[in-house]
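# Coordinates in review
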Amino acid sequence: MFTEAELAFLAEHDLGRLATQHPDGTLQVSPVGFTWNPDARAIDVTGYHLTRSRKYRNVEANGRAAFVIDDRPSLDPMRVRCLEIRGHAEGIPDAFTTDGHLDDAAIRIHPERIISFGIDDPDHDPLDLVPNNRSV
C-alpha cells in the first residue's frame with residue numbers, strides 16, 4: 001500500500017490536515033493528530049472530545065475524507081514533500097482506552113488513493129519531481 005519511504009514519512013510526522021464534508025456539501029479542513037495503524041492498514045485520527053466534533057459527525061454522515069501531511073525540508077533549493085491520502089473514513093467510538101486526556105474515539109481513514117510528492121526522490125531537482133499517484 002505505502003512505499004517504505006512513505007511509511008518513514010508517516011513515522012516522522014504526527015500532525016496533518018483532515019478534510020471532511022458537511023452534509024450540505026461544504027468542506028471542513030482541520031489540523032489533527034494521527035498515527036499509522038499497521039494492523040488496520042489505516043490512518044487513525046484522535047483528539048480531545050473527538051466524538052463531539054464536527055469532523056466526527058461529518059464522517060458519520062458522509063464517510064469520505066482526505067488527509068494531507070506536508071513539509072518543506074529545505075529552502076535553497078526549496079523542496080516540498082507531500083503525502084495525500086483519500087479514502088473511506090469511519091468513526092469508531094471506542095477505538096482506544098485512554099488515560100482520560102483524549103477521547104477513546106478515532107476517525108479511521110482507509111486509503112483508496114495515495115498521492116505522494118518529493119518523498120522518495122531526493123536526488124532530482126525540485127522542479128523535475130513527478131507525483132506518485134495511485135489507487136490502492
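What you see is a predicted model; the values in this text were computed from it and never measured.

Right, let's talk about helix α1 (residues 4-12) for a bit. Of all the positions in α1, only E6, F9 and L10 are classed as buried. Down the axis of α1, the buried set is contained in an arc of 100°. They therefore lie on one face. Among the exposed residues of α1, those oriented more than 90 degrees off its buried face are E4, A11 and E12. Those residues of α1 hidden inside the fold are in contact with β2 (27-37), β3 (42-46), β4 (64-75), β5 (78-92), β6 (106-117) and β7 (132-135).

The next subject is helix α2 (residues 54-62). Listed as buried for α2 are K55, Y56, N58 and V59. For α2, the angular spread of the buried residues around the axis is 160°, confining them to a single face. What points out from α2, more than 90 degrees from its buried face, is the exposed set E60 and A61. Where α2 is buried, its residues meet β1 (15-21), β2, β5 and β6.

Turning next to the nonpolar core. One finds L18, I43, V45, F67, L83, I107 and I109 to be the most contacted residues of the largest nonpolar core, which totals 22 residues. Among the elements of the structure, α1, β2, β3, α2, β4, β5 and β6 are those that each provide at least two residues to this core. Once residues lying within four places of it in the same chain are set aside, the contact partners of L18 are Q28, V29, S30, V32, V45, K55, A65, A66, F67, I107 and I109.

Attention shifts here to the pairing of β5. Two elements, β4 and β5, share ten bridges in a ladder whose sense is antiparallel. Counted as the bridge partner of D70 is C82 from β5. Between β4 and β5, which pair antiparallel in sequence order, lie two residues. Relative to β6, β5 runs antiparallel, the two being bridged by eleven bridges. Its bridge partner being in β6, R86 is matched across the sheet by R113.

Before going further, it helps to examine the environment of Q28. Mapped onto the secondary structure, Q28 falls in strand β2. In sequence terms Q28 and I115 are 87 residues apart; their C-alpha atoms lie 20 Å from each other. Contacts of Q28, omitting those with residues within four sequence positions, involve L18, A19, T20, H22, R54, K55 and N58. Within the structure, Q28 has its side chain in polar contact with the side chain of N58 (distance 3.1 Å).

Now for the UniProt feature "domain: Pyridoxamine 5'-phosphate oxidase N-terminal" (unreviewed entry) in the protein. Mapped onto this numbering, the UniProt entry gives "domain: Pyridoxamine 5'-phosphate oxidase N-terminal" (unreviewed entry) at residues 3-95. Along residues 3-95 the backbone is 19% helical and 54% strand, and the end-to-end C-alpha distance reaches 26 Å.

Taken as a whole and judged by the stated rule, the model has two aromatic pairs. Consider the rings of F2 and W36, whose centres lie 5.0 Å apart with planes at 85°: the pair is edge-to-face. You can see F2 sitting in the segment before α1 and its partner W36 sitting in strand β2, a full 34 residues away along the chain. A centroid spacing of 5.0 Å and a plane angle of 70° characterise the contact between F34 and F67, whose relative ring orientation is edge-to-face. Residue F34 is located in strand β2, and its partner F67 is located in strand β4; the two are separated by 33 residues in the primary sequence. Accessibility classification places F34 together with F67 in one group, the buried group.

Reading guide: rules and limits
Residues numbered from 1 in each chain as written. Predicted model: local features only at pLDDT ≥ 70, side-chain atom pairs only at ≥ 80, totals over all residues. Heavy atoms only, no water. Buried < 20%, exposed > 50% of the residue type's maximum accessible area, 1.4 Å probe, protein only. Helix = DSSP H or I, 4+ residues; strand = E, 2+ residues; numbered from the N terminus. Arc of directions from axis to C-beta. Contact = heavy atoms within 4.5 Å. Core = buried A, V, L, I, M, F, W, Y, C linked by side-chain atoms within 4.5 Å. Pairing = 2+ DSSP bridges. Polar contact = N/O pair within 3.5 Å; in protein donor to acceptor, adjacent residues only side chain to side chain. UniProt positions renumbered as here; feature names shortened; annotations may be inferred. Phe/Tyr/Trp six-rings, centres within 6.5 Å; stacked < 30°, edge-to-face > 60°.

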